[in-house]
Amino acid sequence: MSKQGDEERVLAQLAEVVGCCEPLAREPLSAQQSIELSRVFKAMGDPVRLRLLSLIASHVGGEACVCDLTDVFDLSGPTISHHLKVLREAGLITGERRGTWVYYRVRPELLATVSAVLVPATAQDSPAAVPADREALPVVEA
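The model shown is predicted, which means the values in this text are computed figures rather than measured ones.

So, about the nonpolar core. In summary, soluble globular proteins display a tendency toward joint burial of nonpolar side chains. Leu52, Ile56, Leu69, Leu84, Leu92, Ile93 and Tyr104 are the most contacted members of the largest nonpolar core, which has 24 residues in total. Put simply, the parts of the chain that give this core at least two residues each are helix H2 (31-44), helix H3 (47-58), helix H4 (66-70), helix H5 (77-89), strand S3 (101-106) and helix H6 (108-118).

Right, dumping it as structure tokens:
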């Protein structure tokens, strides 16, 4: 099958899963919400920052010391600090100094807000639910 045929098949399956005429969002974002959320998505748009956010969120106790984060990357301390600052300014994390170290926590309320924007309107009750009679969408390489 051709690449175009694969793409059309995937789009047809996606339309079936999502619904051809169902809105994807519950309501449109206001101008102010768009500005605020774009900063958050921009902060998460960097692979290092997204990984930092993931490391902090999944760390035991819900917080991570900067000393635990710097060893994971092949980057300098100041570069890691810059990425943490961007995440903090976007409101995704908070930091608390304890002695010489800073401990970071994810702000779950902001993640919930970001997640709510991404959840389709038709899946409010169970966003991860896909009917059992539907097969998974295939991965199509661009």
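With that out of the way, let us pick up the side chain of Arg49. Following the sequence through the fold, Arg49 ends up in helix H3. Buried charge without a partner: Arg49 forms no salt bridge, and the closest opposite charge is Asp46, 4.4 Å away. Of the polar contacts made by the side chain of Arg49, one reaches the backbone oxygen of Ala43; its length is 2.9 Å.

With that settled, the discussion passes to the pairing of strand S2 (residues 93-98). Relative to S3, S2 is paired through 6 bridges, and the arrangement is antiparallel. In the strand pairing of S3, Ile93 is matched with Val106. Remark: 2 residues form the turn of the hairpin made by S2 and S3, two consecutive strands paired antiparallel; Gly99 in that turn has positive phi of roughly 70 degrees.

As a further point, take the sheet that holds S3. Pairing is antiparallel across the open sheet formed by 3 strands, whose spatial order is S1-S3-S2. Every interior strand has two partners, whereas the edge strands, strand S1 (63-65) and S2, have only one. With direction set aside, neighbouring strand axes in the sheet form an average angle of 25 degrees. Sitting on the sheet, H5 is in contact with S2 and S3, with an inclination near 120 degrees to S2.

Per the counting criterion, the structure on display carries 5 salt bridges. A salt bridge links Glu63 to Arg98; the nearest nitrogen and oxygen atoms lie 2.9 Å apart. With Glu63 in strand S1 and Arg98 in strand S2, the pair connects residues that are 35 residues apart, well separated along the chain. Here Arg98 falls in the partly exposed class, since its relative accessible area comes to 34%. Linking Lys85 and Glu89 is a salt bridge whose minimum nitrogen-to-oxygen distance equals 3.9 Å. Taken together, the residues Lys85 and Glu89, both in helix H5 and 4 residues apart, mark about one turn of the helix. Assessed through its relative accessible area of 40%, Lys85 is described here as partly exposed. Put simply, Glu63, Glu96, Arg98 and Arg105 are held in one network by salt bridges that share partners.

Relative to each other, H3 and H5 sit at 75 degrees, their axes nearing to 10 Å. As judged from the angle between their axes, H3 and H5 are roughly perpendicular. Across the interface between the two elements, Val48, Arg49, Leu52, Leu53 and Ile56 of H3 pack against Ile80, His82, His83, Leu84, Val86 and Leu87 of H5. For the contact of H3 with H5, the residue count by class is 8 nonpolar, 2 polar and 1 charged.

This paragraph deals with the side chain of Glu63. Judged by its relative accessible area of 16%, Glu63 falls in the buried class. A polar contact of 3.4 Å, which involves the side chain of Glu63, links it to the side chain of Arg105. Every residue in contact with Glu63, bar those within four places of it in the chain, is listed here: Ile56, Arg98, Tyr103, Tyr104 and Arg105.

The rules behind each value
Residues numbered from 1 in each chain as written. Predicted model: local features only at pLDDT ≥ 70, side-chain atom pairs only at ≥ 80, totals over all residues. Heavy atoms only, no water. Core = buried A, V, L, I, M, F, W, Y, C linked by side-chain atoms within 4.5 Å. Buried < 20%, exposed > 50% of the residue type's maximum accessible area, 1.4 Å probe, protein only. Helix = DSSP H or I, 4+ residues; strand = E, 2+ residues; numbered from the N terminus. Lys, Arg positive; Asp, Glu negative; His and termini not counted. Salt bridge = Lys/Arg side-chain N within 4 Å of Asp/Glu carboxyl O. Polar contact = N/O pair within 3.5 Å; in protein donor to acceptor, adjacent residues only side chain to side chain. Pairing = 2+ DSSP bridges. Axes fitted to C-alpha atoms, helices over the stretch in contact; angles between N-to-C directions. Contact = heavy atoms within 4.5 Å. Parallel < 35°, antiparallel > 145°, perpendicular 65-115°, else oblique. Nonpolar A, V, L, I, M, F, W, Y, C, P; charged D, E, K, R; others polar.

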